[in-house]
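Spelled out, the chains give:
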Amino acid sequence: MPIKVLQSDVVSKIAAGEVVERPVSVVKELVENSLDAGATEIAVEAQGGGVELIKVSDNGAGIPSSELELAFHRYATSKIANLDDLDKISSLGFRGEALPSIATVAEVEIFTQTSSRTVGSYMYLRKGEVIRKESRARAPGTTVSVRRLFRYFPARLKFLKSANTENSHIAHLVSQYALAFPEVKFNLVLDKRLSLQTTGHGDLCEVVGKIYGSELAQRMLKVEQRDGPAKVSGLTSPPSLTRSNRNYLSFFVNRRWVHSPLLTRAAEEAYHGLLMDGQHPIVVINVSLPPQELDVNIHPAKAQIKFCQEQVVFSCVRKAVEEALGRTPIASQKAVSFSANSGHWQSPRMIMDNEPAFLASQLPTLELPLLRVLGQLGNTYIIAEGPDGLYLIDQHSAHERILYDRILAQWSQQAVEVQGLLQPVTIEFSPREEETLKTSKELLAGFGFTIEPFGNRSYLIRTIPALMARANIIEIITALLDSLASKESLNPWEERAAQSLACHGAIRAGQQLSNEEIRELIKQLEQTKQPRACPHGRPTMIHLSAHQLEKEFGRIS
Ligand code: ADP
Ligand code: MG
């Protein structure tokens, strides 16, 4: 085919596809517009995962009737005027692409009024074209309703996940904006049910409480730091309060919600040596910078940004979190070496029997030889002697393997041993966790969890799997919901669930075990199908054969 410039309808479809990837993208653009309009109250409503309806109402500045059509033109914006402005953006939007893009992929109704002295205007658009426009009274502010999203884009529609999954994305997004703007009153209704409501009193800790539960919020530590042009503020969790993934780290730059590996690393480095492997903090941090210090124009959905002075921002955030944790830089150095001594003994690579990077599925089913327990190393590894040399066993991985096999076996025989709790445990889920819970209720019941609603995102846990009797129930359930919601894993859900339960139910590194307990652990490990690898495929043990030992000590060449 010869080269041709694409027709404008094709161009706008392509552009719309970049802005509106899924329902939550619409919510993001509309909420950002409301915030840019200075709203102090924003109500978000979604139905059917946002495909049926997304409605965002605000009490912001409104759009003058004379400009209403223009707002739906591509590259029409009131937020920047020239090239210089692009270098110092202080609004969330600036490209003038959102409203036209949304109108291309859905039916849009907008209802807006600028001040109480004028009459409001109403406009209805289908396939990007204005079908109707008229005057209608409204209190100052704007309401945008988006219906039948992707109706004419069957390919997009097909790739959307269930309504509950889309709802959970929306819940997460609105929660993030509520964290970024504590002075704005947010109201989120999903499928006619109130999912989140903040007061707009301007208290970040209060918003954290509304999202993650007030008990958690009370334990958070205040973060505050200033370094040159950067100002860092927010809340961070004490080392005793962790989660098993990074979903609970929220970063904002000039109150724009961003995905920033740099900021994540800065915060997590502050915890170095304080958290166990696989544990992550809960962080809510805003970095304020003069707009010239960053480029927000590098990502179609503006989810990524670039800092002019990465190093300054990085160390400012790390220092801020370190200080919140009561660590001076020197103290944190100490902690590093301490953890190196007590935790991870790295054996030289050449003498390792098993390559650490192997996959569980490639492992032959290997039985364990009879082992004689010699002791425990750093409360983390079990040292044992076998007929052919030395075995170092990772107590956590080993117990994980045992629990994983048992959980899956009980589950597949529909014979999960259940333990009732004398005193039911109360748990408060975040809006996003609650959405996952709705889709996974039966699955959780199949694994022995009975969870009853107790009003207002609170739930009562009445039974748990007996195998988890000694574990931290709240941690186990939140980790389980996270792993079920994660998009990354392609494993069947029962395997993911068993993995998560095993990981969080297992003995920890650093836990002292009696000889009796060690012997019992090894006996149980021997009975598993793959005693040499944990369910994630990591080795449970390192074997140094008699031959290797002799070679290392130069007894043979
Ligand atoms: P951008 O936000 O990048 O300017 P949009 O397409 O999202 O582009 O919006 C176009 C224009 O419509 C905005 O610049 C703003 O002037 C106006 N607008 C959109 N939503 C609102 C709202 N909720 N309140 C007031 N004005 C709005
Ligand atoms: Mg916008």
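See above for the structure.
Along each chain, numbering runs from 1 in the same order as the chain's sequence is written. To label them, take the chains in the order written and letter them from A, then take the ligands in the order written and number them from 1. In keeping with the predicted nature of the model, local features appear solely for residues at pLDDT of at least 70, side-chain atom pairs appear and are counted solely at 80 or more, and the whole-chain, interface and lining totals rest on all residues. Side-chain calculation: all heavy atoms of the structure are included, whereas hydrogens and water are not.

Help me out: how do you make sense of the environment of E433 in this one?
Where helices and strands are cited, they refer to DSSP runs of H or I of at least four residues and of E of at least two residues respectively, numbered from the N terminus. Of note, E433 is situated in helix α12 (residues 431–446). Relative accessibility thresholds used throughout: buried, under 20% of the residue-type maximum; exposed, over 50%; partly exposed, between the two (1.4 Å probe, protein chains only). Taking relative accessible area as the criterion, E433 reaches 5% and is therefore assigned buried. For the pair E433 and F447, spaced 14 residues apart in sequence, the C-alpha separation works out to 18 Å. Any two residues having at least one pair of non-hydrogen atoms within 4.5 Å are treated as being in contact. Ignoring any residue separated from it by four or fewer positions in sequence, one finds E433 in contact with Y248, E428, T478 and L481. Throughout this description, a polar contact denotes any pair of N or O atoms lying within 3.5 Å of each other; where both atoms belong to protein, one of them has to be capable of donating a hydrogen while the other can accept it, and for residues adjacent in sequence the pair is counted only when both atoms sit in side chains. Engagement of the side chain of E433 in a polar contact is seen with the backbone nitrogen of S430, the distance being 2.8 Å.

Where do I start with the pattern of salt bridges in this structure?
Pairs can form between side chains of opposite charge whenever their charged atoms are close. The salt bridge criterion pairs a side-chain nitrogen of Lys or Arg with a carboxyl oxygen of Asp or Glu, the two atoms within 4 Å. On inspection of all chains with the given rule, the structure shows 27 salt bridges. Close ionic contact of E134 with R132 constitutes a salt bridge, the shortest N to O distance being 3.8 Å. When its relative accessible area of 30% is taken as the criterion, E134 is described as partly exposed. Residues joined by salt bridges that share partners form a network here, namely K28, E29, E32 and K302.

Can you help me understand helix α2 (residues 23–36) in this one?
Each full turn of the α-helix corresponds to 3.6 residues, which orients residues three or four apart in the same direction. Every helix has an expected span of 1.5 Å times one less than the residues it contains. When the terminal C-alpha atoms of α2 are compared, their 20 Å separation across 14 residues agrees well with the 20 Å that a helix rising 1.5 Å per residue should span. The buried fraction of α2 amounts to 12 of the 14 residues, a majority that puts the element mostly inside the structure. Along α2, the residues that are buried comprise P23, V24, S25, V26, V27, K28, E29, L30, V31, E32, S34 and L35.

How should unusual backbone geometry be read in this particular structure?
A negative phi angle characterises most non-glycine residues, just as the trans form characterises most peptide bonds. Even without a glycine there, the phi angle at Q414 is positive, about 50°. Note that Q414 resides in the loop between α11 (395–412) and β19 (418–428). Overall, Q414 belongs to the exposed group, its relative accessible area being 74%. The phi torsion at N456 lies on the positive side, around 60°, for a residue other than glycine. By the element assignment, N456 lies in the loop between β20 (450–453) and β21 (458–465).

Just checking my understanding: could you explain the packing of aromatic side chains for this structure?
Any pair of aromatic rings gets described here by the distance separating the centres and the angle formed by the planes. Whether two aromatic rings pair depends on their centres lying within 6.5 Å, for rings of Phe, Tyr and Trp, where Trp uses its six-membered ring; planes under 30 degrees apart make the pair stacked, over 60 edge-to-face, and the rest tilted. Under the defined criterion, the tally for this structure stands at 6 aromatic pairs. Judged by centre distance (5.5 Å) and plane angle (50°), the rings of Y212 and Y248 are tilted. In this pair, Y212 is assigned in helix α6 (residues 204–212) and Y248 in the loop between β10 (230–236) and β11 (249–253), connecting sequence segments 36 residues apart. The buried category is assigned to Y212, whose relative accessible area is 10%. When its relative accessible area of 4% is taken as the criterion, Y248 is described as buried. Arranged with centres 5.3 Å apart and planes meeting at 55°, the rings of F429 and Y459 form a pair that is tilted. With F429 in the loop between β19 and α12 and Y459 in strand β21, this pair connects stretches of sequence that are 30 residues apart.

Please explain the nonpolar core as it appears in this structure.
The nonpolar side chains of a soluble globular protein tend to be buried with one another. Core analysis: the biggest nonpolar cluster contains 64 residues, and L30, L35, F72, V146, F186 and V208 have the highest contact counts within it. Ranked by the residues each element gives to this core, the list is headed by helix α5 (residues 163–180), at 8 residues. Setting aside anything within four residues of it in sequence, one finds L35 in contact with I42, L92, Y177, F181, V184 and F186. Here, nonpolar core refers to any group of buried Ala, Val, Leu, Ile, Met, Phe, Trp, Tyr and Cys residues whose side-chain atoms link them within 4.5 Å. Grouped together as the second largest cluster of nonpolar side chains are 32 residues, F251, V283, L289 and A320 included.

Would you explain the packing of helix α8 (residues 261–269) against helix α9 (residues 310–324) in this entry?
Packed helix pairs are characterised by how far apart their axes lie and by the angle those axes make with each other. Helix axes use the C-alpha atoms of the stretch in contact, all axes being lines fitted to C-alpha atoms, and the angles between their N-to-C directions lie in the range 0 to 180 degrees. Viewed as axis vectors pointing N to C, α8 and α9 meet at an angle of 35°, and their least axial separation amounts to 7 Å. You can see that α8 and α9 cross each other, and the crossing is right-handed. Two secondary-structure elements touch here, α8 through L262, L263, R265, A266, A267 and E269 and α9 through E310, V313, F314, V317, R318 and V321. Classification used: nonpolar for Ala, Val, Leu, Ile, Met, Phe, Trp, Tyr, Cys and Pro, charged for Asp, Glu, Lys and Arg, polar for all others including Gly. Here the residues of the contact of α8 with α9 sort into 8 nonpolar, no polar and 4 charged. Helix crossings get a hand from a simple test, with the near helix turned counterclockwise from the far one by less than a right angle marking a left-handed crossing and a clockwise turn marking a right-handed one.

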